[in-house]
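# Structural overview for review
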Amino acid sequence: MTKSTKATADAGDVFRPPPGPAPVLVVDDEPAGVATTAGRLADAGCPTAVEGDGDAALGLVRAELMRLVLTELYIPCVEGACLVTALKQERARLPRLRVLAYTRHTAAADDAWALAAGCDGVLHKPASAGALEREVRRLDGADAVEPRSSHNRSRP
Amino acid sequence: MTGDRPPRVTPRTDSEPPGAALRRVPRADETPDSSVHYVDGEWVHWSVVEVDATAVPGAVGARCLVFARDGCIRRVWDYPADWRTYDDAGLAALSWRR
């Protein structure tokens, strides 16, 4: 089992990701939520780092230590009301960054807001471990597997 | 288990693609952006729509596809122009792209 790591961007205590694939940064302002999510990903063999503070998470991503952020919605940071928007506005510098909203906010308006903020995907809590793993793998890229090849209706 | 799968609502012919009976027929006054519906290999119903993304922070292109099922949304930037011609299996595969 891959252990999750408490990440911090504080000076003098810089998070060093383990060798191998970049960890998934799990951001949630509810400690129980972040522990559950990180635990499920760790059980799936996905290295994770966790953070509850939007500004610290922003620092980790800007240091290019993370390429996939799995975050609750409406996590504030000093640059605005939502971490997602702050992250996505840096696409020129972080072109490979992907953001998945894993959220307890499940109204249609929340979905629309997440998409407008730039999320690459949205998954409502609570999701099964399998569903969570699938969406993370899709965005993480290296292990993404299309279940079947494309079929075009117009082909003979 | 395939034995647990629900029966199809409407019998289909061999020439009909899977899920075609569940696909909504667009009205004449609908725009090209209207959503397409399909069923994936696990019998989950999805809708997919092409949307304008010019105002989205970090947009990779001017437009993107948004796949949605109950509790899950996928945004796909990399897709072919003729995605509307894809059958259910093709759309399901497309939803795995980024």
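All residue numbers refer to position in the chain's written sequence, counted from 1. Here chains are named by letter from A upward and ligands by number from 1 upward, in the order in which they appear as written. Given that this is a predicted model, residues contribute local features only at a pLDDT of at least 70 and side-chain atom pairs are listed and counted only at 80 or more, while totals for whole chains, interfaces and linings are drawn from all residues. Computation of side-chain values: all heavy atoms of the structure, hydrogens and water removed.

On to the environment of Leu94(A), then. Residues and elements named next belong to chain A. Along the chain, Leu94 falls in the loop between α3 (83-88) and β5 (98-103). Through-space distance from the C-alpha of Leu94 to that of Arg62 is 7.7 Å; in sequence the pair is 32 residues apart. Setting aside its immediate chain neighbours within four residues, Leu94 contacts Val61 and Glu64. To qualify as a helix, a DSSP run of H or I must reach at least 4 residues; to qualify as a strand, a run of E must reach at least 2; elements of each kind are numbered from the N terminus. Whether two residues touch is decided by their heavy atoms; if any such pair falls within 4.5 Å, the residues are in contact.

A word on unusual backbone geometry. The phi angle of most residues is negative, glycine excepted, and most peptide bonds adopt the trans form. In this model, Lys125(A) is joined to Pro126(A) through a cis peptide bond whose omega is -10 degrees. One can find Pro126(A) in the loop between β6 (121-124) and α5 (129-140).

Residues and elements named next belong to chain A. Neither face of strand β2 (residues 24-27) is exposed, since Val24 and Val26 on one face and Leu25 and Val27 on the opposite face are all buried. Any two strands are treated as partners once DSSP identifies two or more bridges connecting them. The pairing of β2 with strand β3 (residues 48-51) spans four bridges and is classified as parallel. Bridging from a neighbouring strand, Leu25 pairs with Ala49 of β3. Crossovers are marked right-handed if the path from the first strand over the helix to the second runs clockwise, as seen with the strands pointing away from the viewer. Each parallel crossover has a hand, and for β2 linked through helix α1 (residues 31-43) to β3 it is right-handed. Of the strand pairs in this sheet, β2 and strand β4 (residues 68-71) are connected by four bridges, and their pairing is parallel. Along β4, the bridge assignment pairs Val27 with Thr71. Exposure is judged per residue with a 1.4 Å probe applied to protein chains only, and the accessible area is read against the type maximum: over 50% gives exposed, under 20% gives buried, and values in between give partly exposed.

Before going further, it helps to spend a moment on the interface of chain A and chain B. Taken together, the 33 residues of chain A in the interface contact 28 residues of chain B. Notably, a salt bridge pairs Glu135(A) with Arg74(B), separated by 2.7 Å at the nearest N-O pair. Distance and chemistry together define a polar contact, namely a pair of N or O atoms within 3.5 Å, with one atom able to donate a hydrogen and the other to accept it when in protein, and with adjacent residues in sequence counting only for side-chain atoms on both sides. Between the two partners, chain A and chain B, sit 10 residue pairs in polar contact (both at pLDDT 80 or more). For the side of chain A that touches chain B, the secondary-structure elements that each account for two or more residues are α3, α4 (108-117), β6 and α5 of chain A. Here the residues of the side of chain A that touches chain B sort into 10 nonpolar, 11 polar and 12 charged. Across three bridges, β6(A) lies against strand β4 (residues 72-76) of chain B in antiparallel orientation. Put simply, a salt bridge is a Lys or Arg side-chain nitrogen that is within 4 Å of an Asp or Glu carboxyl oxygen. Gly is placed with the polar residues, together with every amino acid not listed as nonpolar (Ala, Val, Leu, Ile, Met, Phe, Trp, Tyr, Cys and Pro) or charged (Asp, Glu, Lys and Arg).

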